[in-house]
Amino acid sequence: MVAEVLRGGAFSDDVVINLVNRRFVANYYDVAPPKNNFGDAWAYDEEAIRTIGDVHGKGGGGTQEPNGRVRADAYPTAIFVTPAGKRLDADVFGIIPPAPFVERLRKVIRDYPEWFKPTQEELEIETAATTNPKDPAAQLADARLAWELADWDRCLRRVAMGLAASPPARVSAEFRYLEGRVHTCSGAFDKALAALDQAAAALKDPSNPLMDDIEAAQARVLLNQDKLDDALKSYQRMIEMHPKGIRLGEALYYSGLCHYRQGRKEEAKKLWRRHRENLPGDRLARRSAISLGLPEAEAFLNQEIIDRKGWW
Amino acid sequence: MKRVRVTLGSAFVVAMLLAPLAHGQEAPPSKGDPNRIRWIRPFKEAMNQAKGSQRLVFAKPILGGSNTPKAGGTVAGGKDDCDGSW
């Protein structure tokens, strides 16, 4: 049986994306020239190959055993290079969902602190929050920053301080939203749902774009809890309320997944096809494409791998 | 032991960067997608930015190929649509 699995799946998760954008300079490149490449090799980059050297592994990817274990025999999924062109001994391999991938990034950050100093802007945000503990705006700015840095403790600390400062309803809603996201990432789903309910109650306005984020976060938790009907309702609301929202693709992909897991495969395919065709540039469109393009059993395997191992 | 072949999933990057919105497609996000890795290419430019900011380059090797379906291509699958870019 051949399965195509989103080895780069972690790269379409917003927690990973935020941390990469905050702390790294990201680049991708083709490892083989056109004559040796079964694609068109448009990103072939000799400079990268000269600096990084050969990457070893199976050209097509890794190998997954029936028990789910993934062998690290593929190209690395991430390689770290210093500004002087030295490749660190810290490659990341394998199909890697967001949670373990963030842990790997954190390890690199811990091991090489010299490359991860906060920017001046970040220092100013943190200083403002520290020196103005009763300013909700200052606390929110640092809570947002901490969220982007995947620093859960700091984010929750700022949320608590901000809420204690009696913020306006909109700000309070965003504090609760961040709190809910952090609890989701920590696996505390009941706490997450409680915080997200408070966020929705504080915001009230269903047309506010933040409500789209809140709804998506709630649906994500429900999906993690296998409450598929409830998750589906949330995604359908998102599609109806925010048909041009930035989370439309997320709603289309995951509502398809809810149908798929309940045996409604044709319904699932309709949503995935709509996602793939209408939003090809969406960060999750690739996953709909894979789900459509695989035989059913393999699509199921694909979803299981991606969604059951720490997907946020 | 039965094994499952797993292929590279890197070309979604290409899709994100290249895929244009064709006629009849749903409108793009109103304020852009804030949740997207800022890929810096070519590698030389990434290195320049790394030197300027004293950051590490996070490089992702791919075995490329376009991920954008050709006109009349199937939704997913086939040589001209998704294959070859994992």
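Residues numbered from 1 in each chain as written. Chains lettered and ligands numbered in written order. Predicted model: local features only at pLDDT ≥ 70, side-chain atom pairs only at ≥ 80, totals over all residues. Heavy atoms only, no water.

A.B. asks: So what exactly am I meant to see when it comes to the overall build of chain B here?
C.D. replies: The helix and strand tally for chain B stands at 2 helices and 2 strands. When the helices and strands of chain B are listed from N to C terminus, the series reads β-α-α-β. Residues classed as buried in chain B amount to 49% of the 86 residues present. Intrachain contacts of chain B at a sequence separation of at least 6 include 42% that bridge at least 24 residues. Carbon and sulfur atoms make up 55% of the accessible area of chain B, which amounts to about 4100 Å² in all. (Helix = DSSP H or I, 4+ residues; strand = E, 2+ residues; numbered from the N terminus. Buried < 20%, exposed > 50% of the residue type's maximum accessible area, 1.4 Å probe, protein only. Contact = heavy atoms within 4.5 Å. Areas by Shrake-Rupley, 256 points an atom, 1.4 Å probe, with all protein chains shown as cover.)

A.B. asks: So what exactly am I meant to see when it comes to the environment of A219 of chain A here?
C.D. replies: Residues and elements named next belong to chain A. Mapped onto the elements of the fold, A219 is located in helix α9 (residues 209-224). Look at A219 and you get buried, because its relative accessible area is 0%. Between the C-alpha atom of A219 and that of D229, which follows or precedes it by 10 residues, the distance is 9.9 Å. Here A219 is in contact with A231, S234 and Y235, once residues within four sequence places are set aside.

A.B. asks: Looking at this structure, I do not really get helix α12 (residues 265-278) of chain A. What am I missing?
C.D. replies: With 14 residues, α12 of chain A should cover 20 Å at 1.5 Å per step; its first-to-last C-alpha distance of 20 Å lies within 8% of that length. All buried positions along α12 of chain A are accounted for by A268, K269, L271, W272, H275, R276 and N278 of chain A. (Expected span 1.5 Å × (residues − 1).)

A.B. asks: Got a minute to help me understand the side chain of S255 of chain A in this structure?
C.D. replies: Residues and elements named next belong to chain A. Structurally, S255 can be placed in helix α11 (residues 248-261). Taking relative accessible area as the criterion, S255 reaches 1% and is therefore assigned buried. Separated by 3.2 Å, the side chain of S255 and the backbone oxygen of L252 make a polar contact. When neighbours within four sequence positions are excluded, S255 is seen to be in contact with L232, Y235, I239 and L271. (Polar contact = N/O pair within 3.5 Å; in protein donor to acceptor, adjacent residues only side chain to side chain.)

A.B. asks: How should the pattern of salt bridges be read in this particular structure?
C.D. replies: Close approach of charged atoms allows side chains of opposite charge to pair. All names here are of chain A. All told, the structure shown has 19 salt bridges over all chains when counted by the stated rule. Its salt-bridge partner being D142, residue R154 comes within 2.7 Å of it at the nearest N-O pair. Within this pair, whereas R154 is found in helix α6 (residues 152-164), its partner D142 is found in helix α5 (residues 136-148), the two being separated by 12 residues in sequence. Taken individually, R154 and D142 each receive the classification buried, so the pair is uniform in this respect. Through salt bridges that share partners, D14, R181, D213, R247 and E250 make up one connected network. (Salt bridge = Lys/Arg side-chain N within 4 Å of Asp/Glu carboxyl O.)

A.B. asks: Looking at this structure, I do not really get the sheet that holds strand β2 (residues 24-30) of chain A. What am I missing?
C.D. replies: Sheets are built from strands paired through backbone hydrogen bonds, the pairs being either parallel or antiparallel. Taking strand neighbours across the sheet as the criterion, the 3 strands line up as β2(A)-β2(B)-β5(A) in an open arrangement whose pairing is mixed. Unpaired on one side and paired on the other, β2 and β5 (79-81) of chain A mark the two borders of the sheet. The average undirected angle you get between the axes of adjacent strands in this sheet is 30°. In this structure, β2 of chain A lies alongside strand β2 (residues 56-62) of chain B, joined through 7 bridges in parallel fashion. Paired with D30 of chain A across the strands is I62 of chain B, a residue of β2 of chain B. Contacts from helix α1 (residues 14-23) of chain A reach β2 of chain A together with β2 of chain B, with the element oriented near 105° to β2 of chain A. (Pairing = 2+ DSSP bridges. Axes fitted to C-alpha atoms, helices over the stretch in contact; angles between N-to-C directions.)

A.B. asks: Quick question: what am I supposed to make of the packing of α11 of chain A against α12 of chain A here?
C.D. replies: Two quantities define a packed helix pair, namely the angle between the axes and the distance from one axis to the other. Residues and elements named next belong to chain A. Where α11 meets α12, the axes come as close as 7 Å, and the angle between the chain directions of the two elements is 165°. Judged on the interaxial angle alone, α12 and α11 are roughly antiparallel. The handedness of the crossing between α11 and α12 comes out as left-handed. Counting all contacts with α11, which are made through G249, L252, Y253, S255, G256, L257, H259 and Y260, the residues of α12 involved are K265, E267, A268, L271, W272, R274 and H275. Partitioning the contact of α11 with α12 into residue classes produces 7 nonpolar, 5 polar and 3 charged. (Parallel < 35°, antiparallel > 145°, perpendicular 65-115°, else oblique. Left-handed = near helix turned anticlockwise from the far one by under 90°. Nonpolar A, V, L, I, M, F, W, Y, C, P; charged D, E, K, R; others polar.)

A.B. asks: Explanation requested: the side chain of H183 of chain A in the structure shown.
C.D. replies: Residue and element names in this part refer to chain A. As for its position among the elements, H183 is in helix α7 (residues 169-185). Exposure remark for H183: the relative accessible area of 10% places this residue in the buried category. For H183, the contacting residues outside a window of four places in its chain are L156, A188, K191 and A192.

A.B. asks: Please explain the packing of aromatic side chains as it appears in this structure.
C.D. replies: The description of an aromatic ring pair uses the distance of the two centres, along with the angle that the planes make with each other. Scanning the model with the defined rule gives 12 aromatic pairs over all chains in all. Judged by centre distance (5.7 Å) and plane angle (80°), the ring pair of F80 of chain A and F58 of chain B falls under edge-to-face. Taken together, the residues span two chains, with F80 of chain A in strand β5 and F58 of chain B in strand β2. Here F80 of chain A matches F58 of chain B in class, with each residue buried. Between F101 of chain A and F58 of chain B, the aromatic rings sit 6.1 Å apart at their centres with planes inclined by 85°, giving edge-to-face as the arrangement. Linking F101 of chain A in helix α3 (residues 98-111) with F58 of chain B in strand β2, this pair reaches from one chain into another. (Phe/Tyr/Trp six-rings, centres within 6.5 Å; stacked < 30°, edge-to-face > 60°.)

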